[in-house]
Amino acid sequence: MESMEIYHNPNCSKSNKALELLRENNVEPTVIYYLEEPPSPALLRELLKKLGLTAREILRKKEEAYSVNNLEDSDMDEESILEIMSCNPILIERPIVVADSKAILGRPPENVLELI
């Protein structure tokens, strides 16, 4: 079994469920508390490449930081969004589970089973 990482928010039921599903399947991922140690724009870019998504696609639009940072502006470029996400990690959809060159968004949590 390859190693896995989970970008985890312990206050999120979906993130907790994804972690629980991994452990139930004998996978003990490295848990990254991304709210405490926000990913850099470069790391976010790498995660997005593995996810096959854009920064805008993993933005949490209901967070206050979304409107405060004017992220509804559709002209904002990817690099600007990555900088804002790095400074405001609450904006990053969760959980993100990474296994080598692949990653998946754990929404719904059962998605993470595709990586096992």
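Residues numbered from 1 in each chain as written. Predicted model: local features only at pLDDT ≥ 70, side-chain atom pairs only at ≥ 80, totals over all residues. Heavy atoms only, no water.

A.B. asks: So what exactly am I meant to see when it comes to unusual backbone geometry here?
C.D. replies: Cis geometry marks the peptide bond from R94 to P95, where omega comes out at -10 degrees. Take P95: it is sitting in the loop between α4 (78-87) and β3 (96-99). Residue P108 is reached from R107 by a cis peptide bond, and omega for that bond is 0 degrees. Phi at N26 takes a positive value of approximately 60 degrees, unusual for a residue other than glycine. (Helix = DSSP H or I, 4+ residues; strand = E, 2+ residues; numbered from the N terminus.)

A.B. asks: How do you make sense of the sheet that holds strand β4 (residues 102-105) when you look at a structure like this?
C.D. replies: Remark on secondary structure: sheet strands pair via backbone hydrogen bonds, oriented parallel or antiparallel. Read across the open sheet, the four strands follow the order β2-β1-β3-β4; overall the sheet is mixed. Each edge of the open sheet is held by one strand with a lone partner, namely β2 (30-32) and β4. Strand after strand, the sheet turns through a mean of 20 degrees between neighbouring axes, direction not considered. As judged from the four bridges shared by β3 and β4, these two strands associate in the antiparallel manner. What sits directly across from I96, in β4, is L105. Strands in contact with helix α1 (residues 13-24) are β1 (4-7), β2 and β3; relative to β1, the strand with the most contacts, it is inclined by about 165 degrees. (Pairing = 2+ DSSP bridges. Axes fitted to C-alpha atoms, helices over the stretch in contact; angles between N-to-C directions. Contact = heavy atoms within 4.5 Å.)

A.B. asks: How should the environment of L113 be read in this particular structure?
C.D. replies: Here L113 shows up in the segment after β4. A sequence separation of 91 residues divides L113 from L22, and the C-alpha atoms of the two residues are 7.2 Å apart. Residues contacting L113, with those up to four places away along its chain left out, are L21 and N25.

A.B. asks: How should the nonpolar core be read in this particular structure?
C.D. replies: One recurring pattern in soluble globular proteins: nonpolar side chains tend to sit buried together. Ranked by internal contacts, the top residues of the largest apolar core, which has 24 residues, are I58, L71, M85 and I96. Broken down by secondary-structure element, the contributors of at least two residues to this core are α2 (41-51), α3 (64-68), α4, β3 and β4. Ignoring any residue separated from it by four or fewer positions in sequence, one finds I96 in contact with E5, I6, Y7, L47, L51, I58, A103, I104 and L105. Core analysis: the next-biggest nonpolar cluster, separate from the first, contains twelve residues, A18, V27, V97 and I104 among them. (Core = buried A, V, L, I, M, F, W, Y, C linked by side-chain atoms within 4.5 Å. Buried < 20%, exposed > 50% of the residue type's maximum accessible area, 1.4 Å probe, protein only.)

A.B. asks: Just to check I follow, could you spell out α2 for this structure?
C.D. replies: Given 3.6 residues per helical turn, the α-helix brings residues three or four places apart onto the same face. Inspection of α2 places P41, L44, L47, L48 and L51 among the buried residues, and these make up the whole buried set. Down the axis of α2, the sector holding all buried residues measures 115 degrees, keeping them to one side. Among the structural elements, β1, α4, β3 and β4 are those in contact with the buried residues of α2. With its phi angle positive at about 75 degrees, G52 sits one or two positions after the end of α2. (Arc of directions from axis to C-beta.)

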